[in-house]
Amino acid sequence: MLYSEELISEVIGANDIVDVIGMYTALKKSGRGFVGLCPFHSEKTPSFHVSPDKQLYHCFGCGEGGTVLTFVMKAENLDFVEGLKFLADRARIALPEPEANENADRLFKKKQRLISANTYAAKFFYHCLAASPEGAQARAYLKERAIAPKTAASFGLGFAPPGRNALINHLKPMGYSESELVDFGLATVRDNQFVDKFRNRVMFPIIDVRGNVIGFGGRVMDDSKPKYLNSPETAAFNKRLNLFALNFAKNKKSDTLILVEGYMDVISLHQVGINNAVATLGTALTEEQARLIARYARDVVLCYDTDEAGVKATMRAIEIFSKTDVRVKVLSLPGAKDPDEYIKSHGGGSEAFLQAVKGAVPATLFRINALKRQYDIDNSIDDKIRFITEAAQVLLSTNNMVEVDTYADLLAKNYDIKKESIYAEIRKLQGKRERQEKSRIVHRTANAGVTRSASPTEERRPAPVRGDVATPLEKAERSLLSLIFTSRSAAKYAEGELGAEYYSNAVHQKLAQLCYAAWDSGTAPDASQILLSFDETQAGYVTQVLMDRAVYEDDIQAAKDLLLTIRQESITKKISEETDPAVIQKLLELQAQLKEKRGGSPA
């Protein structure tokens, strides 16, 4: 860790987990906690739980879990130090210079060095465009595309010279090695030689919402392939988690974002004053990008190309956005394949485009109209039935009952069908979906755990794996661990009866040891400190264990009952593994004694 455990706990404690997570997904009170739709995977039925008492979250659908720090790291795509600074700034806590830690410090410095190299590269590309003789072709290309020099400067556009190693030669004197530049995505290896990654291309710096140059897109100025070349994924750049020009659009006054396909579309829109346009980074819209948009906008207007590929991309984007709270409209631009072409064909101003935006149709209507074009409704009864059935599926995917009722009424009137029949089909589909979702959640929740147990001298599996089936022994241990996490009396009793080394797997052992140690020192176990002791693959499982606390009338009696179960299940396991009849008989007798001690009830 770069910072002391005490400081990390202070920062985490100063940020209420319900308040922070509530900025990303709507939470509803449920018992002592809160539930909502998971911001990390797509779902319709809430399986995301937040505990204000324990300051933990856990999703029973995808298994993600942890503290408020874990949450912001994943939600904002931050590393540990960046996440801590994010929360410290929110709580107005000044962070001192961090303590040294070789591995964490190395990773942090690598990312900062990468961003610095990208920044120097962006300045180099910009200079090549603005002032070098080689940049004349790029300047002419941008002029032909009606991109003004002021706009190019605002976006930091540049030009990568055609030479094999112009950028490498520029950065090497600054202390960057050739192999390092390959790792940063600025160079590559061709014919056993280091060469620039980008050559003879107009360059588009990709800047995150914090103002860091995290990557580049490069476009050819002729018909060469590939048309666009983007930076590979690096320690600073993940194209699934970022959007082009969001660093500008996040400061907009509007609650709407316009999502387009290309860099040039974005730049053309911003140039005419429409500064709420963003684009994906050379890929189809991802769920992560949709959730990112949801943080900055209530509404999104999809304005993709009008060709077949663009329509398919629009349909896919609508599906992805249906899993968020964002309201979606679709903009079709008559007589133009994209916003850049539309603006140029209408005098180069914003008026025509803004007027077209007013005519954007709701996503539900767009999908219904697209379905209609697939069927011969007027001449085929079968086509009409299939169309209405699929339209009911479209309505099911909306979260607004007023919208559902409006379009159900529209379908009934336009296609001469009873509105009740449409609702009956929606209810049938809803029931099927809820059964599937419930089955999925129950399966994942029941199966979260570990697969085997062992004695202290046996080799133990180092970590539970999400999806493995928990044995009765492991389930009993989990219940005991969640109890001793919050109950001093139960922990004291359990420690005297079952040492940490006798739990059935390495994760349970470590968790027991941390809980015992905390109570022995006179303080309650701290969830944030506990989770810092586990790696990312274990943290979700441990969080679930800590949040599974049942309510008992008597904690010590509950601990006694759970310990009896653990002992009996341990004996059951030994019986299944033993081959000596005499030993088996002794184990059976011991098992019977434990049952009698329990009052004759099954373990």
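The structure displayed is predicted, hence computed values, not measured ones.

Caption draft 1: Molecular detail of the side chain of Asp208. Secondary-structure assignment places Asp208 in the loop between β9 (201–207) and β10 (213–219). A polar side-chain atom of Asp208 sits 2.9 Å from the main-chain amide nitrogen of Asn212. Not counting chain neighbours up to four residues away, the residues in contact with Asp208 comprise Ile214, Asn242 and Asn247.

Caption draft 2: Representation of the sheet that holds β10 in the model. Read across the sheet, 4 strands follow the order β6-β9-β10-β11 without closing on themselves; strand pairing throughout is antiparallel. What marks the edges here is a single partner per strand, and that holds for β6 (158–160) and β11 (228–230). In this sheet, adjacent strand axes meet at a mean angle of 35° when their direction is disregarded. Sheet analysis places β6 next to β9, joined by 3 bridges and oriented antiparallel. Across the sheet, residue Ala160 finds its bridge partner in β9, namely Arg201. Lying over the sheet, helix α11 (residues 263–271) contacts β9, β10 and β11, oriented at roughly 75° with respect to β9.

Caption draft 3: The arrangement of the nonpolar core in detail. The biggest cluster of nonpolar side chains holds 61 residues, and the ones touching the most others in it are Leu157, Leu186, Phe216, Phe244 and Phe353. Counting residues per element, this core draws most heavily on helix α5 (residues 102–131), which supplies 9 residues. If we skip the residues at most four places from it in the chain, Phe244 touches Phe155, Phe204, Pro205, Tyr263, Val266, Ile267, Ala277, Val278, Ala279 and Leu281. By size, the runner-up hydrophobic cluster in this structure holds 35 residues, among which are Leu473, Leu481, Val542 and Ala559.

Caption draft 4: Region of interest: the confidence of the model for the protein. On average, residues of the protein carry a pLDDT of 85, and 88% of them reach 70 or more. The model gives residues 444–468 a pLDDT under 50, and that stretch makes 74 contacts with residues more than four places away or in other chains.

Caption draft 5: Quick peek at the packing of helix α17 (residues 381–396) against helix α18 (residues 401–414). It is the contact of α17 with α18, at a shortest axis distance of 10 Å, that shows an interaxial angle of 170°. With respect to α18, the axis of α17 lies roughly antiparallel. Crossing angle aside, the handedness with which α17 passes α18 is right-handed. For the pair α17 and α18, contact is made by Phe387, Ala391 and Leu395 and by Val404, Tyr407, Ala408 and Leu411, respectively. Of the residues contributing to the contact of α17 with α18, the split by class is 7 nonpolar, no polar and no charged.

Caption draft 6: Fine view of the layout of surface pockets. Computed from the structure, the second largest pocket encloses a volume of approximately 620 Å³. At the level of secondary structure, the elements contributing two or more residues to the lining of the second largest pocket comprise β11, α11, α13 (308–321) and α14 (339–345).

Caption draft 7: Layout of the pattern of salt bridges. One pass over the structure, following the stated rule, counts 20 salt bridges. Residue Arg240 is joined to Glu288 by a salt bridge in which the shortest nitrogen-to-oxygen separation is 2.8 Å. On the criterion of sequence distance, the pair formed by Arg240 in the loop between β11 and α10 (246–249) and Glu288 in helix α12 (residues 287–296) is long-range, its members being 48 residues apart. Among the salt bridges present, the one from Asp409 reaches Lys413, with a minimum N-O distance of 3.2 Å. Here Lys413 and Asp409 lie together in helix α18, a separation of 4 residues that amounts to about one turn. Residue classification places Asp409 among the partly exposed positions, given a relative accessible area of 27%. With a relative accessible area of 64%, Lys413 lands in the exposed category.

Cut-offs used in this document
- Residue positions within a chain follow its written sequence, with the count starting from 1.
- Per-residue local features of the predicted model are confined to residues with pLDDT of at least 70, and side-chain atom pairs are confined, for both listing and counting, to 80 or more; whole-chain, interface and lining totals are unaffected and use all residues.
- Based on all heavy atoms of the structure, the side-chain values leave hydrogens and waters out of the count.
- By definition, any uninterrupted DSSP run of H or I lasting at least four residues is a helix, any uninterrupted run of E lasting at least two residues is a strand, and each is numbered from the N terminus.
- In the analysis that follows, any N or O atom pair within 3.5 Å is treated as a polar contact, provided that within protein one partner can donate a hydrogen and the other can accept it, and provided that, for residues neighboring in sequence, both atoms belong to side chains.
- Any two residues whose heavy atoms approach within 4.5 Å at even a single point are treated as in contact.
- When DSSP locates at least two bridges between a pair of strands, those strands are taken to pair.
- Each axis is a line fitted through C-alpha atoms, taken for helices only over the stretch in contact, and angles between the N-to-C directions span 0 to 180 degrees.
- We call a set of buried residues a nonpolar core when its members are Ala, Val, Leu, Ile, Met, Phe, Trp, Tyr or Cys and they connect through side-chain atoms within 4.5 Å of each other.
- Relative accessibility under 20% of the residue-type maximum defines a buried residue, over 50% an exposed one, and the middle range a partly exposed one, all with a 1.4 Å probe and only protein chains included.
- Confidence of the predictor at the level of single residues is given by pLDDT, which spans 0 to 100.
- When describing relative orientation, an angle under 35 degrees is termed roughly parallel and one over 145 degrees roughly antiparallel, while 65 to 115 degrees is termed roughly perpendicular and anything else oblique.
- Left-handed describes a crossing whose near helix is turned anticlockwise from the far helix by less than a right angle; the clockwise case is right-handed.
- Ten residue types, Ala, Val, Leu, Ile, Met, Phe, Trp, Tyr, Cys and Pro, are classed as nonpolar, four, Asp, Glu, Lys and Arg, as charged, and the remainder, Gly among them, as polar.
- Cavities and pockets were defined on a 1 Å grid built over protein atoms only: a cavity is a set of grid points that admits a 1.4 Å probe from which the probe cannot escape, a pocket is an open set flanked by protein on both sides within 12 Å along at least five of seven lines, and lining residues are those with an atom within 4 Å of any such point.
- Grid points are joined across faces, edges and corners, and a volume is the space filled by probe spheres set on the points.
- Should a side-chain nitrogen of Lys or Arg be within 4 Å of a carboxyl oxygen of Asp or Glu, the pair is scored as a salt bridge.

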